[in-house]
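# Close look at the chain arrangement
Given next are the chains, with one letter for each unit.
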Amino acid sequence: MVVLADPMPELASGPQVPSVGTLAEQRAARRTLLAQIARLERQLSDVVVSGFPKTPVDHRVPGAAGPALLGLGELEALRDAMAERLCVARSQLAVAADREADARLRLEAMLADPGAHRFHQVTRDDLGMPGCGAYQVRPRLGIVGMFLGWWQVKLSSGCPLARRTPAGRATRVPPAWADAVASAEGPPRRASARPGRWPRHRHHRARPAAAPASTRRPRRPGPRSP
Amino acid sequence: MTVDPEPVLAAVDPVVAAELPGLELWELRCEGGDGRTAREVRGRLRDLAGRWSGARAIALRSQPVPHAYRVLLRQLGVDPDETRSPIEQAVLDRLWHGGFKTAGRVADAELLAVVETGVPVLVLDADLVAGELELRTARPGERLGEGELASDLPLGRVVLCDDRGPLAPLFGAAVPDRRATAETVRCRLAATRAPGVPIVHVEEALWTAADAVAIPR
């Protein structure tokens, strides 16, 4: 009986089960194949769980019309298909891991020398991190910083800010985001009679509050025409 | 409720047993029948429904008992991502519907058993099942069910049978004429133990289903 090694990438076209004659040899070969299929199923499951949710991997291996006892050839074909699928899935994970590692290196370079990476951006999705947002190299103080070479790495929230809709109504801002929205929009503007325009500076005189009706002086009757 | 003291081991065809050592069929007899699900069972299903999320559903395949059933399905030529094991299908239905939908005492007993233990249980009418239960492959000419609605069984398909013939495909639903109904008084519960599943899970699944299928007094 040939002991088959652990499934490796070459297994897809690798060692075949030698032709077996006696019933005992057949049974041993089937047992070996079933054990390999069980191990491959475990490895496929681990790959799927590892990639979730960022990296969906192609892990489907079509089955025969079952559940039924498979023949030796069918078990071999199933084992080979699973091994090939496992290789593809692992390569997908590896590509995603390489992409994330590259993004981390770029972020480190941006943090070390922002001026050499002007307007570069690395998103949280590139880094494999949950949530939205991006690390961006932006000039400090706007155009002043751009000309003076003051650059910094900023982490944007990535979330859309509350803005006034064309109808003039502001969208409701969740309380947790109210501070972020306020700091992003700058100093509060005064309400203007003309929406969209800067408010005029008006000097309001404090007018005395109207006295209650009971304390008002009665108005003098005016001259009446005879 | 009268329950057999211990689950008993039912028969598995020698060819199947030789191919899949560790595959077992366990049986438990109890009193019960179909009807409106007890409030306690509905409450338990409601509590269980709140514990499942998408991430946990994905990670289910790597847990020992669900993984054992996935391996069994794979070894029998079934793609477990297409024809899911009972526990994975139950969790997927929960995600799809937003909860575990109740569908009567029998269906809820089966659902409760599989969700709590991962072991699928089939509830049959004891008076309609002839002889002993057995797990074997389909023979030539056998059909699943009786009458016009019966379907042909491919040769070699693994099925749960009694002395009269196939009752249900492995991990499938029982034929309607053997399933416990509202007229049922005594039930036979059948649980398939995949290789590698601890026996305590199987026993717990059978007792859980027996409790849930009991007619409340």
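Analysis parameters
- Residues numbered from 1 in each chain as written.
- Chains lettered and ligands numbered in written order.
- Predicted model: local features only at pLDDT ≥ 70, side-chain atom pairs only at ≥ 80, totals over all residues.
- Heavy atoms only, no water.
- Helix = DSSP H or I, 4+ residues; strand = E, 2+ residues; numbered from the N terminus.
- Buried < 20%, exposed > 50% of the residue type's maximum accessible area, 1.4 Å probe, protein only.
- Contact = heavy atoms within 4.5 Å.
- Rg over C-alpha atoms; globule rule 2.2 N^0.38 Å.
- Areas by Shrake-Rupley, 256 points an atom, 1.4 Å probe, with all protein chains shown as cover.
- Buried area = accessible area lost by both parts, 1.4 Å probe.
- Salt bridge = Lys/Arg side-chain N within 4 Å of Asp/Glu carboxyl O.
- Polar contact = N/O pair within 3.5 Å; in protein donor to acceptor, adjacent residues only side chain to side chain.
- Lys, Arg positive; Asp, Glu negative; His and termini not counted.
- Pairing = 2+ DSSP bridges.
- Patch = residues over 30% accessible without salt bridge, like charges linked within 9 Å, V, L, I, M, F, W, Y side chains within 5 Å.
- Disulfide = S-S within 2.5 Å.
- Axes fitted to C-alpha atoms, helices over the stretch in contact; angles between N-to-C directions.
- Parallel < 35°, antiparallel > 145°, perpendicular 65-115°, else oblique.
- Left-handed = near helix turned anticlockwise from the far one by under 90°.
- Nonpolar A, V, L, I, M, F, W, Y, C, P; charged D, E, K, R; others polar.
- pLDDT = per-residue confidence, 0-100.

### Looking at the overall build of chain A
- Looking only at helices and strands, one finds 4 helices and 3 strands in chain A.
- Ordered by position in the sequence, the α and β elements of chain A form the string α-α-β-β-α-β-α.
- Residues classed as buried in chain A amount to 24% of the 226 residues present.
- The long-range share in chain A, meaning contacts at least 24 apart out of those at least 6 apart in sequence, stands at 49%.

### What about the overall build of chain B?
- Broken down by element type, chain B carries 7 helices and 10 strands.
- The C-alpha radius of gyration computed for chain B amounts to 16 Å, which stays within 12% of the reference 17 Å derived for 217 residues, consistent with globular compactness.
- C-alpha extents for chain B along the principal axes are approximately 45 × 40 × 35 Å.
- Burial analysis of chain B (217 residues in total) assigns 54% to the buried set.
- In chain B, the proportion of contacts linking residues at least 24 apart, taken out of those at least 6 apart, comes to 71%.
- With an accessible surface of roughly 9,500 Å², chain B has 52% of that area assigned to carbon and sulfur atoms.

### Examining the interface of chain B and chain A
- Every contact between the two is made by 28 residues of chain B and, on the other side, 28 residues of chain A.
- Buried surface at the junction of chain B and chain A, both sides included, amounts to about 2,500 Å², of which 60% is carbon and sulfur.
- The largest contributions to the chain B side of the interface with chain A come from Glu 19, Arg 74 and Gln 75 of chain B, which together make up 27% of the buried area.
- Summed over the shared surface of chain B and chain A, the result is 5 salt bridges.
- Arg 60 of chain A is the salt-bridge partner of Asp 79 of chain B, the closest N and O atoms lying 3.2 Å from each other.
- Here chain B and chain A share 10 residue pairs in polar contact (both at pLDDT 80 or more) between them.
- Contributions of two or more residues to the side of chain B that touches chain A are made by α1 (14-19), α3 (54-59) and α4 (64-75) of chain B.

### Overview of the side chain of Arg 124 of chain A
Residue and element names in this part refer to chain A.
- In this structure, Arg 124 sits in the loop between β1 (121-123) and β2 (134-139).
- We note that Arg 124 is buried and unpaired, the nearest opposite charge coming from Asp 125 at a distance of 9.1 Å.
- In this structure Arg 124 touches Met 129, Pro 130, Gly 131, Cys 132, Gly 133, Ala 134, Tyr 135 and Leu 155, once residues within four positions along its chain are discounted.

### A closer look at the pairing of strand β9 (residues 166-169) of chain B
Residue and element names in this part refer to chain B.
- Judged from the 3 bridges that link them, strand β8 (residues 158-161) and β9 form a sheet pairing that is antiparallel. By the bridge assignment for β9, Val 159 is matched with Pro 169.
- What sits between β8 and β9 in their antiparallel hairpin is a turn of 4 residues, with Gly 165 showing a positive phi close to 150 degrees.

### Details of a nonpolar patch on the surface
Residue and element names in this part refer to chain A.
- Taken together, the side chains of Phe 119, Leu 141, Ile 143, Val 144, Met 146, Phe 147, Leu 148 and Trp 150 define a hydrophobic patch exposed on the protein surface, amounting to about 880 Å² of accessible area.
- When you line up the elements, Phe 119 lands in the loop between α2 (72-112) and β1.
- Overall, Phe 119 belongs to the partly exposed group, its relative accessible area being 46%.

### Description of the state of the cysteines
- Taken as a whole and assessed by the stated rule, the structure comprises 0 disulfides over all chains.
- As a non-bridged cysteine, Cys 187 of chain B has Cys 30 of chain B as the owner of its nearest cysteine sulfur, 4.9 Å distant.

### Thoughts on the sheet that holds β8 of chain B
Residue and element names in this part refer to chain B.
- Strand order in this open sheet of 4 strands is β2-β5-β8-β9, and the pairing throughout is mixed. With partners counted over all chains shown, the strands left at the sheet margins are β2 (11-12) and β9, one partner each.
- Where strand β5 (residues 134-137) and β8 come together, 4 bridges link them in antiparallel fashion. Opposite Leu 135, over in β8, you have Leu 160 as the bridge partner.

### Examining the packing of helix α1 (residues 23-51) of chain A against α4 of chain B
- Close contact between α1 of chain A and α4 of chain B brings their axes to 9 Å; oriented N to C, the two are set at 130 degrees. With respect to α4 of chain B, the element α1 of chain A is oriented oblique. Read as a crossing pair, α1 of chain A and α4 of chain B show a hand that is right-handed. Across from Leu 34, Ile 37, Ala 38, Glu 41, Arg 42 and Ser 45 of chain A in α1 of chain A, the residues of α4 of chain B making contact are His 67, Arg 70, Val 71, Arg 74 and Gln 75 of chain B.
- Residue composition of the contact of α1 of chain A with α4 of chain B, by class: 4 nonpolar, 3 polar and 4 charged.

### Looking at the confidence of the model for chain A
Residues and elements named next belong to chain A.
- Averaged over all residues, the pLDDT of chain A equals 75, while 60% of them reach at least 70.
- Per-element confidence in chain A is highest for α2, whose mean pLDDT is 94, and lowest for helix α4 (residues 175-185), whose mean pLDDT is 53.
- Counting contacts from residues 1-15, a segment whose pLDDT is below 50, to residues more than four positions away or on other chains yields 21 contacts.

### Some details on the pairing of β5 of chain B
- Relative to β5 of chain B, β2 of chain B runs parallel, the two sharing 2 bridges. For Ala 11 of chain B, the partnering residue across the bridge sits in β5 of chain B and is Glu 134 of chain B.

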